[in-house]
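Chain by chain, the residues run as shown.
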Amino acid sequence: MLTTSGGGGPTILRILLGSQLRRLRLAKDITREQAGYAIRASHAKISRLELGRVGFKERDVADLLTMYGVTDPAERDPLLALARQANAPGWWHQYGDLLPNWFEVYVGLEEAASIVRTYEVQFIPGLLQSPQYARAVIMLVHGGASTEEVDRRVSLRLARQERLTRPDAPTLWAVMDEAVLRRPIGGPEVLRAQIDHLLEVVELPNVKLQIMPFEHGGHAAAGGPFSILRFPERDLPDVVYMEQLTSALYLDKRDETDHYMRVMDRLCVQAYSLSDSKRFLRALRDELAG
């Protein structure tokens, strides 16, 4: 039975509803083409609906449930109600003009996750960036944007960070390559302020940060940065997220996510411990101050 804690936001609700519709379709041995015909759509749209990548029309959900033999109001009504809830805009909707579709999906998943594990080799993870550092990173990509647009992009990044201090805060466990902290994005003063910010944030009980030092040479994640998101809803698999220049890759098959989880676990063993990472940050801050 599909369950949700109710705090996941529209992205998670769409994924939950989509997975339930897929289960019902397969139970009746109905093809995507047949299901698409029932709602005057293509098999590709059925695929997107089942993946939770697009919004739901309540009429389409009602027609699909009828086709799948779900006529009992006790089972049907909660799914129709979920379709209505899944169409409600998330808080990030106000930034819709700045968010490409592929990243809007990530923001929704991040908002709903109970655990976020991330490995970064170039920049401080977005959830740990200071305002000044965030602005410097954004300017690297959007240097020609207006001041207002840059301000809104910074505001979006800071809004994502607010969940770290809310009652339902997720656990954030980040591993950063030492190169991230040696790259003076925005200049030495911005980097010093960023390190001060990290030392403050890691005091939160739900935030863990480890540094992968140069001295360790090669390591398990030589392929590049990635994040793993885990959700409180039992129906949802882990999701691995890998961002590219103009798109992103989302993996949710068990064998793939398990592989990345093993890599992340090895990274945590190879990196400095939590306490040694704090000492490293303090020493680096002192080095930059000198």
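The structure we're discussing is the one just above.
Rules behind the numbers
Residues numbered from 1 in each chain as written. Predicted model: local features only at pLDDT ≥ 70, side-chain atom pairs only at ≥ 80, totals over all residues. Heavy atoms only, no water. Core = buried A, V, L, I, M, F, W, Y, C linked by side-chain atoms within 4.5 Å. Buried < 20%, exposed > 50% of the residue type's maximum accessible area, 1.4 Å probe, protein only. Contact = heavy atoms within 4.5 Å. Pairing = 2+ DSSP bridges. Helix = DSSP H or I, 4+ residues; strand = E, 2+ residues; numbered from the N terminus. Axes fitted to C-alpha atoms, helices over the stretch in contact; angles between N-to-C directions. Salt bridge = Lys/Arg side-chain N within 4 Å of Asp/Glu carboxyl O. Parallel < 35°, antiparallel > 145°, perpendicular 65-115°, else oblique. Left-handed = near helix turned anticlockwise from the far one by under 90°. Nonpolar A, V, L, I, M, F, W, Y, C, P; charged D, E, K, R; others polar.

A. Representation of the nonpolar core. L109, L128, L181, L209 and F231 are the most contacted members of the largest nonpolar core, which totals 49 residues. Excluding residues within four positions of it along the chain, L109 makes contact with T11, I12, I15, L229, F231, V239 and Y250. One finds A35, V61, A83 and A86 within the second-largest nonpolar core, a separate group that totals 21 residues.

B. Highlighting the sheet that holds strand β5 (residues 239-243). Strand order in this open sheet of six strands is β3-β2-β1-β4-β5-β6, and the pairing throughout is mixed. A single partner strand is all that each edge strand has here, and the edge strands are β3 (207-212) and β6 (248-251). Each strand axis lies, on average, 15 degrees off the axis of its neighbour in the sheet, ignoring direction. The sheet contact formed by strand β2 (residues 171-177) and β3 spans six bridges and is parallel. Each residue of the ladder has a partner; that of D177, found in β3, is M212. The sheet strands contacting helix α11 (residues 254-270) are β1 (115-120), β2, β3, β4 (226-230), β5 and β6, and the helix crosses β4 at an angle near 110 degrees.

C. Seen up close, unusual backbone geometry. With a phi angle near 55 degrees, D29 is a residue other than glycine that sits in the positive phi range. Within the fold, D29 resides in the loop between α1 (9-27) and α2 (32-38). When its relative accessible area of 68% is taken as the criterion, D29 is described as exposed. Despite not being glycine, R40 shows a phi value in the positive range, around 60 degrees. By relative accessible area, which is 55% here, R40 ends up exposed.

D. Structural context of the pattern of salt bridges. What the rule picks out here adds up to 22 salt bridges. Measuring nitrogen to oxygen at the nearest pair gives 4.0 Å for the salt bridge that ties R40 to D60. On the criterion of sequence distance, the pair formed by R40 in the loop between α2 and α3 (43-50) and D60 in helix α4 (residues 58-67) is long-range, its members being 20 residues apart. Of the residues examined, D60 reaches a relative accessible area of 5% and is grouped as buried. The salt bridge partner of E203 is K278, with a shortest N-O separation of 3.3 Å. Of this pair, E203 sits in the loop between α10 (188-201) and β3 while K278 sits in helix α12 (residues 274-289), placing them 75 residues apart in sequence. Note on K278: relative accessible area 24%, which makes it partly exposed. Counted as one network, the salt bridges with shared partners bring together R40, K45, D60 and D63.

E. Highlighting the packing of helix α7 (residues 131-141) against helix α8 (residues 147-161). In the contact formed by α7 and α8, the axes pass within 9 Å of each other and the chain directions differ by 125 degrees. The angle between α7 and α8 falls in the class oblique. Like other packed secondary-structure pairs, α7 and α8 cross with a definite hand, here right-handed. Contacts between α7 and α8 involve P131, A134, R135, V137, I138 and M139 from the first element and V150, D151, R153, V154, R157 and L158 from the second. Of the residues assigned to the contact of α7 with α8, the class counts are eight nonpolar, no polar and four charged.

F. Region of interest: the pairing of β1. In terms of burial, β1 is largely enclosed, as five of its six residues are buried. Bridge count between β1 and β2: six bridges; the pairing is parallel. Its bridge partner being in β2, T118 is matched across the sheet by A174. In this sheet, β4 lies alongside β1 in antiparallel orientation, the contact comprising five bridges. Note on β4: the bridge partner recorded for V116 is L229.

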